[in-house]
Amino acid sequence: LDREQSNDPLKLTQLRSRFETPRDRLTSADTLPKLRELHYGTPEHKAWSKLVVGRANGVCQCCGKVTKKLIADHLHERRDGGDPFDPANGKAVCWACHNTKTAAAKRARALGMPLNAPRGGR
Ligand SMILES: [Zn+2]
């Protein structure tokens, strides 16, 4: 009986949902299947994000715009080998800068030239 219980996937799901607020579950429902999105729900990421945004004092560290809506962004993205939880690897940016960077990074990757490629690559 014990073995059966520990293998029950339902139990895991129930345990998980207990840690999520109903709002979190709603907003993450669409992106949950993507593995990389799971990172953004971890307490480690939330703590990192809070620290990075908090120290920016409401100023975008990219364009200098004063805004209450800042996003913690990685200088070196995780997929490029950056440390996701290192405060030194983060900066707070406004939505406009974040979108611009995300679009540029996506374009660069499509061309095979990541924006944050390690130095000395050539
Ligand atoms: Zn900005």
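This text gives an overview of the structure that appears in the document. If you're wondering where the values come from, they're calculated on a predicted model, not measured in any experiment.

## Focus: the pattern of salt bridges
Then, number 1: Going through the model one piece at a time under the given rule, you end up with 4 salt bridges.
Then, number 2: Residue Lys-101 is joined to Glu-77 by a salt bridge in which the shortest nitrogen-to-oxygen separation is 3.7 Å. Here Lys-101 is found in helix α6 (residues 95–110), whereas its partner Glu-77 is found in the loop between β1 (70–74) and β2 (90–94), with 24 residues between them in sequence.
Then, number 3: Accessibility expressed as a relative area gives 18% for Glu-77, which makes it buried.
Then, number 4: In this structure, Arg-109 engages Asp-80 in a salt bridge whose closest nitrogen and oxygen atoms are separated by 3.9 Å. A residue pair is termed long-range when its members are at least 10 positions apart, and Arg-109 in helix α6 and Asp-80 in the loop between β1 and β2 qualify at 29 residues.
Then, number 5: Accessibility expressed as a relative area gives 25% for Arg-109, which makes it partly exposed.

## Some thoughts on the nonpolar core
In a soluble, globular protein the nonpolar side chains are often hidden away together inside.
Then, number 1: Counting residues in each nonpolar core, the largest one holds 10 residues, listed as Trp-48, Val-52, Ala-56, Cys-60, Leu-70, Ala-72, Ala-92, Val-93, Cys-94 and Cys-97.
Then, number 2: Going through the elements one at a time, α5 (43–55), β1 and β2 are the ones with two or more residues in this core.
Then, number 3: By residue number, the principal contributor to this core is β2, which donates 3 residues.
Then, number 4: Excluding anything up to four places from it in sequence, Cys-97 contacts Cys-60, Cys-62 and Cys-63.

## Let's talk about α6
Three- or four-residue spacings in an α-helix give side chains the same orientation, since the helix completes a turn every 3.6 residues.
Then, number 1: Here α6 spans 22 Å end to end across 16 residues, near enough to the 22 Å set by a 1.5 Å rise per residue.
Then, number 2: Burial in α6 covers these residues: Cys-97, His-98, Ala-105 and Ala-108. Looking straight down α6, one finds that the buried residues subtend no more than 100° of arc, so they occupy a single side. Exposed positions of α6 whose direction lies more than 90 degrees from the buried face are Thr-100, Lys-106, Arg-107 and Ala-110.
Then, number 3: The inward-facing, buried residues of α6 contact β1 and β2.
Then, number 4: Just downstream of α6, Gly-112 is the residue with a positive phi angle, here 80°.

## Observations regarding unusual backbone geometry
Apart from glycine, the bulk of residues carry a negative phi angle, and the bulk of peptide bonds sit in the trans form.
Then, number 1: Phi is positive for Asn-57, which is not a glycine, with a value near 55°.
Then, number 2: Structurally, Asn-57 can be placed in the loop between α5 and β1.
Then, number 3: Judged by its relative accessible area of 66%, Asn-57 is exposed.

## Description of the coordination of the zinc ion
Then, number 1: Within the protein, the zinc ion binds to Cys-60 (SG), Cys-63 (SG), Cys-94 (SG) and Cys-97 (SG); these donor distances fall in the range 2.2 to 2.4 Å.
Then, number 2: Look at Cys-63 and you get partly exposed, because its relative accessible area is 45%.

## Focus on the pairing of β1
Then, number 1: Most of β1 sits inside the fold, with 5 of its 5 residues counted as buried.
Then, number 2: Of the two faces of β1, the one lined by Leu-70, Ala-72 and His-74 and the one lined by Ile-71 and Asp-73 are each fully buried.
Then, number 3: With 5 bridges joining them, β1 and β2 adopt antiparallel strand pairing. Bridge pairing links Ala-72 to Ala-92 in β2.

Parameters and conventions
Residues numbered from 1 in each chain as written. Predicted model: local features only at pLDDT ≥ 70, side-chain atom pairs only at ≥ 80, totals over all residues. Heavy atoms only, no water. Salt bridge = Lys/Arg side-chain N within 4 Å of Asp/Glu carboxyl O. Helix = DSSP H or I, 4+ residues; strand = E, 2+ residues; numbered from the N terminus. Buried < 20%, exposed > 50% of the residue type's maximum accessible area, 1.4 Å probe, protein only. Core = buried A, V, L, I, M, F, W, Y, C linked by side-chain atoms within 4.5 Å. Contact = heavy atoms within 4.5 Å. Expected span 1.5 Å × (residues − 1). Arc of directions from axis to C-beta. Donors = N, O, S within 2.8 Å, 3.2 Å for Na, K, Ca; no water. Pairing = 2+ DSSP bridges.

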